[in-house]
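Now for the letters of each chain:
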Amino acid sequence: MASFKKYLLLLCVLAGQSVFAQYRTDVSLEQLYDSPQVTSLKSYVSDICNPENKGRKAGSEGEKKVAYYLYDAFEKAGVDLLYGREGDLFGIQSEGDTLLSRNVAAFIPGSDEQLRHRYIVIAARMDNLGSYTMQVDGKAQEVIYPGANGNASGLASLLALAKHISDTRIDFRKSILFVAFGASCESFAGSWYFLNRSFPSVKDIDLMINLDMLGLGSKGFYAYTASNRDLNKALEATSRDLQPVKPTLVAQEDYPSDHRAFYAAEIPSVWFHSGRYSQHNTPRDTPDILDWEQMELQLEYIYNFVRDQASYVEKIDFVEPEVVEQSPKNEAIYAYYDCDVPPAFLGSTRIDKFMQEWVYRYVKYPESAVAEGVQGTVHVNFVVEKDGSVSQVKVVRSLDPRLDQAAQDVVEISPKWKAARLHGQKVRSSLTIPIEFRLIKK
């Protein structure tokens, strides 16, 4: 009898352990219902937005840590790395200093012997605004720009696509390149460097797909193609099949991004994104604002679109841009990169000439913003008229109302430029510049 009681007691203890094991304290109830894809996306975004990365400012230790993380994640996904673990290094000039940034790239060779020498580039920007120090009750406090939607969401989607395509690589006849661009917030330096200094087979890139700010799908899922008719038809062809979600084709570019460099190289490019959002470029851009289920559905559509394009022998033609805007005189405005001769400031067509000789010499940093430690980058778009005057100045990537106004003011009082030319004729041209407000430590 005593032996039976001991046996019964043992069963009760084991049963108690079994029941206890069913309950986990390291995850929320919501997470228990996440799909494997959503779980991966959450993990990627959390790691990329880790406060230790301090907003992954271009050239910072945080950006380098994220580059290492991406390298390891690509390797784990079973794709080949194009560069070593340090990435493809490049330097950029910023306020007299040289910042060292890097691109991280991986690839999957195409399964077709004839088509594997043609490429589809899937890319996402890696850096964000970093952090700044402000005074709170007389104490220094660091404020970080996590950039969960801009652009941890795109990087997470890039890694998820790499894993999915790697697992089904036989379906992809063309080679797929996955690239995380460094220093994107610094005038898209990483994408420019990739196309102009690094990748030797630019002419063999059939298509570029840009993943930037994809995390708020409940507000919309959009595809911007710069009005490339053939590319629009390709997207519509994929959308005709049964899809969990379909993008809305838009003719307006909500924010500038890395697709611009590819467009300048006359490579058909599509930017997938989820539209404008109030937390953009603020410390409130945190993982809790992301819509994970919508991200998963968007990924399925993008995967199907890539698979379709990797199967087609035909190449999408690069189509000349349609008119960006019409003036009252019905005169077209052309994008900076679409002109045969870009507009010139003080005899130079290099935008950095305008930045150094005018913008950073005369821009006024609002004292109240300095006192509060507000810093970052404002993107301003403007038109250079046929007579060289500057018009239609507007902020297209906001930071703070005071800094927005300061950036707009310095452009509006710009001296005259030399007008752009297209087919030998003067034309109106449009360009966007990043104006950085940075506090100098004393």
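Everything discussed here concerns the structure shown above.
Residues numbered from 1 in each chain as written. Predicted model: local features only at pLDDT ≥ 70, side-chain atom pairs only at ≥ 80, totals over all residues. Heavy atoms only, no water.

Peer 1: Please explain the packing of aromatic side chains as it appears in this structure.
Peer 2: Each aromatic ring pair is described using two quantities: the centre-to-centre distance and the angle formed by the ring planes. All chains considered together, the criterion is met by 21 aromatic pairs. Where phenylalanine 90 meets tyrosine 193, the ring centres are 5.0 Å apart and the plane angle is 25 degrees; that geometry is what we call stacked. Here the residue phenylalanine 90 occupies a position in strand β2 (residues 88-94), and tyrosine 193 occupies one in helix α5 (residues 189-198), the gap between them amounting to 103 residues. Residue tyrosine 193 is classed as partly exposed on the basis of its relative accessible area of 21%. Taken together, the ring pairs connect Tyr119, Phe181, Phe194, Phe199 and Phe262 into an aromatic cluster. Cation over ring: arginine 85 sits above tyrosine 68, and NZ or CZ is 4.5 Å from the ring centre. (Phe/Tyr/Trp six-rings, centres within 6.5 Å; stacked < 30°, edge-to-face > 60°. Helix = DSSP H or I, 4+ residues; strand = E, 2+ residues; numbered from the N terminus. Buried < 20%, exposed > 50% of the residue type's maximum accessible area, 1.4 Å probe, protein only. Lys NZ or Arg CZ within 6 Å of the ring centre and 35° of its normal.)

Peer 1: When you look at the packing of helix α6 (residues 229-240) against helix α8 (residues 292-311) in this model, what are you seeing that I'm missing?
Peer 2: Helix-helix packing is characterised by the crossing angle of the two axes and by the distance between the axes. The interhelical angle for the contact between α6 and α8, taken along N-to-C directions, is 115 degrees, at an axis separation of 10 Å. When you trace α6 past α8, the crossing you get is right-handed. Only Tyr301, Asn304, Phe305, Asp308 and Gln309 of α8 make contact with α6, whose side of the interface consists of Leu231, Ala234, Leu235, Thr238 and Ser239. Across the contact of α6 with α8, the residue classes break down as five nonpolar, four polar and one charged. (Axes fitted to C-alpha atoms, helices over the stretch in contact; angles between N-to-C directions. Left-handed = near helix turned anticlockwise from the far one by under 90°. Contact = heavy atoms within 4.5 Å. Nonpolar A, V, L, I, M, F, W, Y, C, P; charged D, E, K, R; others polar.)

Peer 1: Looking at this structure, how should I read the pattern of salt bridges?
Peer 2: Applying the stated criterion to the full structure yields 22 salt bridges. For the salt bridge of arginine 350 with aspartate 352, the shortest nitrogen-to-oxygen distance reads 2.7 Å. For arginine 350, a relative accessible area of 56% translates into the label exposed. Its salt-bridge partner being arginine 402, residue aspartate 400 comes within 3.0 Å of it at the nearest N-O pair. A relative accessible area of 25% places arginine 402 in the partly exposed class. Salt bridges sharing partners connect three or more residues here, namely Lys57, Glu186, Glu436 and Arg438. (Salt bridge = Lys/Arg side-chain N within 4 Å of Asp/Glu carboxyl O.)

Peer 1: In this structure, what is going on with the packing of helix α4 (residues 148-167) against α8? I would like to understand it.
Peer 2: Running from N to C, α4 and α8 cross one another at 55 degrees; their axes reach a closest spacing of 10 Å. Comparing the axis directions of α4 and α8 gives the class oblique. The way α4 lies across α8 gives a crossing that is right-handed. Listed contacts from α8 to Ser153, Ser157, Ala160, Leu161, His164 and Ile165 of α4 are Met295, Leu299, Ile302, Tyr303 and Val306. (Parallel < 35°, antiparallel > 145°, perpendicular 65-115°, else oblique.)

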